[in-house]
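# Tertiary structure, described
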Amino acid sequence: MRVLLTGSSGWLGRFLAPMLRQAGHAVIGLDMAPGTDTQVLGSVADRALVERVFAEHGIEAVIHAGGLHKPDIVRYPAQNFLDVNVAGTLNLLECAKAAGHDRFVFTSTTSLMISQAIRDEGGDAAVWLDEAGGSLAPRNIYGVTKLAAEGLCRIAWAEHGLATIVLRTSRFFPEDDDTHAVPSGENLKANELLHRRLTVEDAARAHLVALEQAPAVGHGVFVISAPTPFARADCAELKREAAAVIARTFPDAAALYAARGWTLPASIGRVYDAGLAERVLGFRCETDFAAVLAALRDGAPLPFAHDPAYVSPKERGGGQGIGR
Ligand SMILES: NC(=O)c1ccc[n+]([C@@H]2O[C@H](COP(=O)([O-])OP(=O)(O)OC[C@H]3O[C@@H](n4cnc5c(N)ncnc54)[C@H](O)[C@@H]3O)[C@@H](O)[C@H]2O)c1
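Residues numbered from 1 in each chain as written. Predicted model: local features only at pLDDT ≥ 70, side-chain atom pairs only at ≥ 80, totals over all residues. Heavy atoms only, no water.

## Observations regarding the overall build of the protein
When you go through the protein residue by residue, the secondary structure sums to eleven helices and nine strands. In terms of overall size, the protein behaves like a compact globule, its C-alpha atoms giving a radius of gyration of 20 Å where 324 residues would be expected to give roughly 20 Å. Each principal axis of the C-alpha atoms in the protein carries an extent, and together these give about 60 × 40 × 35 Å. Each of the 324 residues in the protein was classed as buried or not, and the buried ones make up 55%. Accessible surface, the protein: about 13300 Å² in total, of which carbon and sulfur atoms supply 52%. Looking at the protein, you have 31 positive and 37 negative side-chain charges, and the mean spots of the two groups are 2 Å apart. (Helix = DSSP H or I, 4+ residues; strand = E, 2+ residues; numbered from the N terminus. Rg over C-alpha atoms; globule rule 2.2 N^0.38 Å. Buried < 20%, exposed > 50% of the residue type's maximum accessible area, 1.4 Å probe, protein only. Areas by Shrake-Rupley, 256 points an atom, 1.4 Å probe, with all protein chains shown as cover. Lys, Arg positive; Asp, Glu negative; His and termini not counted. Charge placed at Lys NZ, Arg CZ, Asp CG, Glu CD.)

## Describing helix α3 (residues 78-98)
With 21 residues, α3 ought to run about 30 Å at 1.5 Å a step, and its terminal C-alpha atoms sit 29 Å apart, in line with that. Maximum bend of α3: about 30°, positioned at Ala87. After α3 finishes, the residue Gly100 shows a positive phi value of roughly 75°. (Expected span 1.5 Å × (residues − 1). Bend = angle between axes of the 7 residues up to and from the residue.)

## Let's talk about the nonpolar core
In this structure, Leu5, Leu20, Ile63, Leu167 and Ile224 are the most contacted members of the largest nonpolar core, which totals 34 residues. Within the residue set of this core, elements represented by two or more residues are β1 (2-6), α1 (11-22), β4 (61-64), β7 (164-169), α7 (200-217), β8 (219-224) and α10 (275-281). Looking at this core, the element that brings in the most residues is α7, giving nine residues. Sequence-distant contacts of Leu167, that is, excluding residues within four places in its chain, are made with Val105, Phe106, Thr107, Ser108, Thr109, Ala206, His207, Ala210, Phe222, Ile224 and Leu281. (Core = buried A, V, L, I, M, F, W, Y, C linked by side-chain atoms within 4.5 Å. Contact = heavy atoms within 4.5 Å.)

## Describing the packing of aromatic side chains
Aromatic rings considered in pairs are described by the distance between their centres and by the relative angle of their planes. The tally for this structure, following the rule as stated, stands at five aromatic pairs. Between Trp11 and Phe15, the ring centres sit 5.0 Å apart and the planes meet at 75°, which makes this aromatic pair edge-to-face. One end of the pair, Trp11, and the other, Phe15, are both in helix α1, four residues apart, so they sit about a helical turn from each other. With a relative accessible area of 24%, Phe15 lands in the partly exposed category. An aromatic cluster of at least three residues, connected via ring pairs, comprises Phe250, Tyr257, Trp262 and Phe289. Positioned above the aromatic ring of Phe173 is the side chain of Arg197, whose terminal nitrogen or guanidinium carbon lies 4.8 Å from the ring centre. (Phe/Tyr/Trp six-rings, centres within 6.5 Å; stacked < 30°, edge-to-face > 60°. Lys NZ or Arg CZ within 6 Å of the ring centre and 35° of its normal.)

## Focus on unusual backbone geometry
One non-glycine residue, Glu121, lies in positive phi territory at about 50°. One can find Glu121 in the loop between α4 (116-120) and β6 (127-129).

## Focus on the site of the ligand
Taken together, the neighbourhood of the ligand is formed by 30 residues, with Asp31, Tyr142, Lys146, Tyr310 and Ser312 sitting nearest. At 2.5 Å, a side-chain N or O of Tyr310 approaches an oxygen atom of the ligand. Here Ser312 contributes a side-chain N or O atom positioned 2.6 Å from an oxygen atom of the ligand. Taking 830 Å² as the accessible area of the ligand by itself, protein coverage stands at 98%. At the level of elements, α1, β5 (104-109) and α5 (141-160) are the ones that each hand at least two residues to the shell around the ligand. With three residues, the single largest contributor to the shell around the ligand is β5. Residues that form the shell around the ligand fall into these classes: twelve nonpolar, 14 polar and four charged. (Near = heavy atom within 4 Å. Polar contact = N/O pair within 3.5 Å; in protein donor to acceptor, adjacent residues only side chain to side chain. Nonpolar A, V, L, I, M, F, W, Y, C, P; charged D, E, K, R; others polar.)

In structure tokens, the structure reads:
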């Protein structure tokens, strides 16, 4: 298919574009910033530009991964989030409907499931998070606008029969966490693979699978994260004494970590459950916490990317024209 990939210059895009081509698709990349796989420079918020791309490139399906995300909260005003994440998604959905497409994949985020209360982790048990959770109260403009865009995807299916797959991906960014400095870098990423992270390669693969499965599924919202070794029944103990739960499944984890000078999490406050994606889409991340331990055991390279110097490519151009 001729696939329009937004965010093609970004961290996810640079892994996803080659994967799509390898699967036999032609990729037309649209991004604010230049990149190897970006043919069209501009903003999804620019309706005329989006219409022109559809007309000139014979687009047959869309993977909408571009947009403003959490690190952008300190860089851009709320209006830009509305223009890019909401109006930009609407532009793409309306062009896809007008062109008679049968599928649309949207990159969303687990962040919109995190209310301030969940974030504060004040409860006495970890919070188990899947797609079935009740009413959502995203705590910032990023989550609010991603949730609105999810709604646009839902009604595109309900009102027009455009199959829309929403992937609520957990973390896959390569840079350091912007709020937690301890433990730092690779240690934190390794820990997060237990309950709230996946590799960028797995994130890209999820999009390819979603593109293939969309017409058969219709509409669906899926948490995409490395498979957690934990169960709901572990939640209280995870909050109290995470190391004990980890030790039951991975008896040598503490020693492997100690040899590297790493620390296991003392307490875990939330767990993402990606089981629905496995059951409905047939997608399961290839890299999990066990793969990290295997690498430590074998002295092999870590199975995830870590790049503290990564900055979204649009920042090199100062993000000019983002909301147009
Ligand atoms: N990185 C993560 O951990 C993470 C977690 C959950 C969800 N996501 C989502 O994954 C997607 C990709 O994120 P990423 O990590 O690759 O970030 P990134 O910043 O590296 O890439 C995003 C790309 O979108 C482009 N973009 C921004 N505004 C645009 C606009 N108006 N029009 C066209 N392109 C625009 C940027 O230039 C950039 O190249 C985003 O939708 C993000 O919300 C990311």
